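Results of the structural survey
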Amino acid sequence: MPSLALIVGTRPECIKLAPVVAELRRAGKVRPLLVSTGQHRELLNQALGSFGLKPDIDLGLMTPGQSLPELTSRVITGMSAWLAEAKPSAIIVQGDTTTVLGSALAAFYAGIPVAHVEAGLRTDDLSSPFPEEMNRRVTSTLARWHFCPTEQAKANLLREGIPAVHCHVTGNTVIDALLATRAHIGGLEAAALGARLGIPPAFIASHLSAPKSRWILVTGHRRESFGPGFENLCIGIRHLVDAHPDLGVLYPVHLNPRVQEPVRRLLGGHPRIALAAPAAYEDFVWLMDRSTFVLTDSGGVQEEAPSLGKPVLVMRDNTERPEGLAAGTSELVGTDAARIVAAASRLLTDPAEYSRRSQLRNPYGDGTASARIARVMEAAVQ
Ligand code: UD1
Ligand code: UDP
């Protein structure tokens, strides 16, 4: 039986490839091998746990405060050694991380074809997101199969000369993961979830489990915002809660030390700002579902929130996910404090605007992306 290696390194890659693993296993036509670079340690293990997955191989590459060159070189070397030994029929990578770039390059050197899930996203600005825009452009050059979440993503690839016959519009697999997870979180309960994430009991009582309370779910971790960008967005969040006396903010903080330091320094100690541990996927879906809206720089969260009827304010200057902007589900607010306060305050004070932006169709998929990808790959490697 042909084998397909699905490569994961970080939290979003796991969440977005878990449904593809499940679909390949269900159909039983190829042997899926789950290979972890271990670019993330805790965040990846947490995400794997949410889907009951255990990697067949773990290269265990994360080091604290890793630099891009050292991580990239370790992924290329580690993945090359594994590919030489295992010789899978093809590899599947997802997204735009260092794991994706390094693994695609290693497969290219080994003469093993590459399938790219979430292909064709572009900001057309190589410096933002950094280094992801470069990672996905190079990966498109190396890939044989391009699984595009939207028609717009496919159009981006055609513009770069990728043959249409190699592009498949599938929707984003994160919607498959979200819908499957949402179906089994009914039993989760605020007090236990809050305790798992280290949320103070007072915040649980005043916001998480209070029926009519208003609170914003925040995530932020992008490299191009490190330094002044992060300082400004934290200042904006603080001004926002001070401007709205009932408002709470819940921020599960990414483990990157360059995120932890400014967030804890600038947002710690406020009674209505809860800084929490990173949430397991099922807990995070529960939180998104109960939040008033979401303030984020995450790619995956921009795609998911509309399925739960949550407006998204994107703390970036540009996005490779323009479909959300066009549909009105998301709005770019940058990392400028005043702009964040103005955009969030509008959602909090204009019920008609809030209601309009909570009821739009999700442009990123309908939950069938993984099955489409699996069928193409099964046929390709038979
Ligand atoms: C990476 C990806 C980014 C993706 C994000 C998802 C690259 C260049 N960046 O960014 O595209 O959006 O993951 O979260 O591929 N750390 C831990 N434990 C963990 C994870 C991270 O301690 O489980 C700390 C370590 O000190 C690590 C640092 O965070 O060195 C940075 O991790 P890294 O994967 O290099 O970058 P992210 O900012 O997480
Ligand atoms: N997520 C999670 N727990 C958290 C924060 C995010 O499970 O505490 C999920 C989120 O629902 C989305 C994915 O992780 O599916 C996004 O990952 P991240 O923000 O790390 O990366 P990005 O999407 O920006 O690449």
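Note: the structure precedes this text.
Here's a quick rundown of the structure. (Residues numbered from 1 in each chain as written. Chains lettered and ligands numbered in written order. Predicted model: local features only at pLDDT ≥ 70, side-chain atom pairs only at ≥ 80, totals over all residues. Heavy atoms only, no water.)

1. Points about the overall build of the protein chain
Stated formally: By definition, any uninterrupted DSSP run of H or I lasting at least four residues is a helix, any uninterrupted run of E lasting at least two residues is a strand, and each is numbered from the N terminus. Burial classification: accessible surface area is computed with a 1.4 Å probe over protein chains only, and a residue below 20% of its type maximum counts as buried, one above 50% as exposed, and the rest as partly exposed. With residues, only the protein chains shown are counted as cover, and all accessible areas are computed by Shrake-Rupley using a 1.4 Å probe. Under this rule, positive means Lys or Arg and negative means Asp or Glu; His and the chain ends count for nothing. For this purpose, a charge sits on NZ of Lys, CZ of Arg, CG of Asp or CD of Glu.
From N to C terminus, the protein chain includes 17 helices and 13 strands. By its C-alpha atoms, the protein chain is 60 × 40 × 35 Å across when sized along the principal axes. Within the protein chain, the fraction of its 382 residues that count as buried is 59%. Taken as a whole, the protein chain presents about 14,500 Å² of accessible surface, with 56% of it coming from carbon and sulfur. Side chains of the protein chain carry 38 positive and 37 negative charges; the gap between the two charge centres is 3 Å.

2. Structural notes on unusual backbone geometry
Cis peptide bonds are those with omega within 30 degrees of zero, and the linkage from Ser-128 to Pro-129 qualifies with -5°. Position of Pro-129 among the secondary structure elements: in the loop between strand E5 (114–117) and helix H5 (132–142). Phe-130 connects to Pro-131 through a cis peptide bond whose omega is 0°. Secondary-structure assignment places Pro-131 in the loop between E5 and H5. In this structure, Lys-87 is a non-glycine residue whose phi angle is positive, near 45°. Judged by its relative accessible area of 61%, Lys-87 falls in the exposed class. Although it is not a glycine, Glu-118 sits at a positive phi angle of roughly 70°. Within the secondary structure layout, Glu-118 lies in the loop between E5 and H5.

3. So, the site of ligand 1
Heads up, the condition is: Here a residue counts as near a molecule or strand whenever at least one of its heavy atoms sits within 4 Å of it. Think of a polar contact as two N or O atoms within 3.5 Å of one another; within protein, one of them needs to be a possible hydrogen donor and the other a possible acceptor, and neighboring residues in sequence only count if both atoms come from side chains. Residues are grouped as follows: Ala, Val, Leu, Ile, Met, Phe, Trp, Tyr, Cys and Pro are nonpolar; Asp, Glu, Lys and Arg are charged; all remaining types, including Gly, are polar.
Near ligand 1 you find 24 residues, and of these His-40, Glu-42, Leu-43, Gly-65 and Glu-132 are the closest. A distance of 3.2 Å separates an oxygen atom of ligand 1 from a polar atom in the backbone of Arg-41. Here an oxygen atom of ligand 1 sits 2.9 Å away from a polar atom, N or O, in the main chain of Thr-63. In isolation ligand 1 offers 750 Å² of accessible surface; the protein chains occlude 95% of this area. For the shell around ligand 1, a count of residues per class yields eight nonpolar, eleven polar and five charged.

4. Examining the environment of His-146
Counted only if it meets this: Residue contacts are counted whenever heavy atoms from the two residues lie within 4.5 Å of one another.
If you trace the backbone, His-146 turns up in strand E6 (residues 145–148). Expressed as a C-alpha distance, the spacing of His-146 and Ile-162, which sit 16 residues apart in the sequence, is 9.0 Å. In contact with His-146, not counting residues within four places along its chain, are His-116, Ala-119, Ser-140, Leu-157, Ile-162, His-166, Cys-167 and His-168.

5. Regarding the packing of helix H1 (residues 11–27) against helix H17 (residues 369–381)
Put simply, the test is: Axis angles are defined between N-to-C directions and span 0 to 180 degrees, where every axis is a line fitted to C-alpha atoms and, for a helix, only to the segment in contact. Working rule for angles: under 35 degrees goes down as roughly parallel, over 145 as roughly antiparallel, 65 to 115 as roughly perpendicular, anything else as oblique. Crossing handedness is read from the near helix: turned anticlockwise from the far helix by less than a right angle, it gives a left-handed crossing, and turned clockwise, a right-handed one.
Contact geometry of H1 with H17 gives a least axis separation of 9 Å together with a crossing angle of 55°. The orientation of H1 with respect to H17, classified from their angle, is oblique. Of the two possible hands of crossing, H1 and H17 adopt the one that is right-handed. Together, Pro-19, Val-20, Glu-23, Leu-24, Arg-26 and Ala-27 of H1 and Ser-370, Ala-371, Ile-373, Ala-374, Arg-375 and Glu-378 of H17 make up the contact between the two elements. Looking at side-chain class alone, the contact of H1 with H17 contains seven nonpolar, one polar and four charged residues.

6. Some words on the site of ligand 2
Taken together, 16 residues surround ligand 2, and among them Arg-11, His-221, Ala-279, Gly-300 and Glu-304 come closest. His-221 has a polar side-chain atom sitting 2.9 Å from an oxygen atom of ligand 2. One of the backbone N or O atoms of Ala-279 is found 2.7 Å from a nitrogen atom in ligand 2. When residues of the shell around ligand 2 are traced back to their parent elements, those giving at least two are H1, helix H12 (281–290) and helix H13 (299–304).

7. Examining the side chain of Ser-103
Along the polypeptide, Ser-103 turns up in helix H4 (residues 98–110). Those residues in contact with Ser-103 that sit more than four places away from it in its chain are Ile-7, Thr-37, Val-75, Met-79, Ile-91 and Val-93.

8. Brief notes about the pattern of salt bridges
We apply this condition: Note on definitions: salt bridges are taken to be side-chain nitrogens of Lys or Arg within 4 Å of carboxyl oxygens of Asp or Glu.
Applying the stated rule across the entire model yields 29 salt bridges. We note a salt bridge from Glu-23 to Arg-26, for which the minimum N-O separation is 2.7 Å. Within this pair, Glu-23 and its partner Arg-26 are both found in helix H1, separated by three residues, close to a single helical turn.

9. What about the sheet that holds strand E11 (residues 293–296)?
The line we're drawing: If DSSP finds at least two bridges between two strands, the strands pair.
Taking strand neighbours across the sheet as the criterion, the six strands line up as E10-E9-E8-E11-E12-E13 in an open arrangement whose pairing is parallel. Looking at the sheet topology across the chains shown, the edges are occupied by strand E10 (273–276) and strand E13 (330–332). Across the sheet, the axes of successive neighbouring strands diverge by a mean angle of 20°, strand direction being ignored. As judged from the four bridges shared by strand E9 (residues 248–252) and E10, these two strands associate in the parallel manner.

10. Some thoughts on the environment of Ala-18
Considering the arrangement of structural elements, one finds Ala-18 in helix H1. For Ala-18, a relative accessible area of 5% puts it in the buried group. In sequence terms Ala-18 and Tyr-109 are 91 residues apart; their C-alpha atoms lie 26 Å from each other. Setting aside chain neighbours within four positions, we find Ala-18 in contact with Phe-51 and Leu-53.

11. With respect to the side chain of Asp-96
By the element assignment, Asp-96 lies in the loop between strand E4 (90–94) and H4. A residue is classified by how much of its surface remains accessible, and Asp-96, at 13% relative accessible area, is buried. Side chain to side chain, Asp-96 and Arg-136 meet in a polar contact 2.8 Å long. The residues contacting Asp-96, other than those within four sequence positions of it, are Glu-132, Asn-135 and Arg-136.

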